[in-house]
Amino acid sequence: MKVLDMGAGGGYSTELMARAVAPGGIVYGQNPADLPDGPKATFEARLKTSAMKDVVADFRPFDDPVPPEVHDLDLVTFLFFYHDTTYMPVDRAEMDRKLFAALKPGGLLLIADHSALPGQGTSVGKTLHRIEESTLRKEVEAAGFHLVAEGNFWRNPADTHDFPSYRPGMPVDNFVLKFQKPM
């Protein structure tokens, strides 16, 4: 499989993907060029391990995340970082279109993120590190993706949604959405 891991950060999920597609697969770990020093050092150290031998570091902007020579991806993962693009200088519509174009027909986009309250949209992306699920879904579907499954295994209805997701006083209410590029 060919996989793009968006917002790879220190590379934890990138390594998981690399282990899953080995042997013979390839994973592109995307991070912006201005990735902070801490996660960048962690990512670069992780790249030196045997588990990451089939990983390509992809330091590109979020709204132009795919190297020109890369196409026909099987899977794009975007784990707990889509909300961050709401307060960064990112053209999310362009980002979503580029992800759509990079996938092969039938390819999958898997997004997990922290839930905001209905009506909050992207307004709490920077303060609470959350995004309203319906807003994310509308943005991604506008690029041509179709929602094919939802995972509720990270849901927490007791979450008050009024604290930053990175400082939980309780388990955070998270959603997982599986989109597909039509055949």
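Up top is the structure.
One structure accompanies this document, and this report is about it. Quick caveat: nothing in here was measured; it's all calculated off a predicted structure.

Conventions used here
- Residues numbered from 1 in each chain as written.
- Predicted model: local features only at pLDDT ≥ 70, side-chain atom pairs only at ≥ 80, totals over all residues.
- Heavy atoms only, no water.
- Buried < 20%, exposed > 50% of the residue type's maximum accessible area, 1.4 Å probe, protein only.
- Helix = DSSP H or I, 4+ residues; strand = E, 2+ residues; numbered from the N terminus.
- Pairing = 2+ DSSP bridges.
- Right-handed = clockwise from strand over helix to strand, strands pointing away.
- Core = buried A, V, L, I, M, F, W, Y, C linked by side-chain atoms within 4.5 Å.
- Contact = heavy atoms within 4.5 Å.
- Axes fitted to C-alpha atoms, helices over the stretch in contact; angles between N-to-C directions.

In this section: the pairing of strand E2 (residues 26-31). Side-chain direction in a regular strand flips from residue to residue, so the side chains alternate between the two faces of the sheet. Here E2 lies mainly inside the structure; five of its six residues are buried. Here strand E1 (residues 2-6) pairs with E2 via four bridges, running parallel. Looking at E2, one finds that Val3 is bridged to Val27. Between the parallel pair E1 and E2, the chain is carried across by helix H1 (residues 12-21), and the sense of this crossover is right-handed. When E2 meets strand E3 (residues 55-59), the two strands line up parallel, connected through five bridges. Paired with Tyr28 across the bridge in E3 is Val56.

Turning next to the nonpolar core. Formed by 27 residues in total, the largest nonpolar core has its most connected members in Leu99, Leu109, Leu136, Phe145 and Phe179. The set of elements that each furnish at least two residues to this core consists of E1, strand E4 (73-79), helix H3 (92-102), strand E5 (103-114), helix H4 (133-142) and strand E7 (174-180). Examining the composition of this core, we find that four residues originate from one element, H3, more than from any other. When residues no more than four places from it in sequence are discounted, the contact partners of Phe145 are Asp96, Leu99, Phe100, Leu103, Leu109, Val140, Phe179, Gln180 and Lys181.

Turning to the environment of Gly9, a few remarks are in order. With respect to the secondary-structure elements, Gly9 resides in the loop between E1 and H1. Each C-alpha atom, one on Gly9 and one on Phe78, is 11 Å from the other, the two residues being 69 residues apart in sequence. Contacts of Gly9, omitting those with residues within four sequence positions, involve Asn31, Leu35, Pro39 and Phe43.

Glancing now at the sheet that holds E2. Sheet strands pair by backbone hydrogen bonding; their relative direction is either parallel or antiparallel. Reading across the sheet, the seven strands line up as E3-E2-E1-E4-E5-E7-E6 and stay open at both edges, with mixed pairing between neighbours. Taken across any chain shown, the strands that pair with only one partner, and hence form the sheet edges, are E3 and strand E6 (146-151). Strand after strand, the sheet turns through a mean of 20° between neighbouring axes, direction not considered. Alignment of E6 against E7, held across five bridges, turns out to be antiparallel. Across the sheet, the residue bridging to Gly151 is Val176, located in E7. H1 contacts E1, E2, E3 and E4 of the sheet and is inclined by roughly 170° relative to E2.

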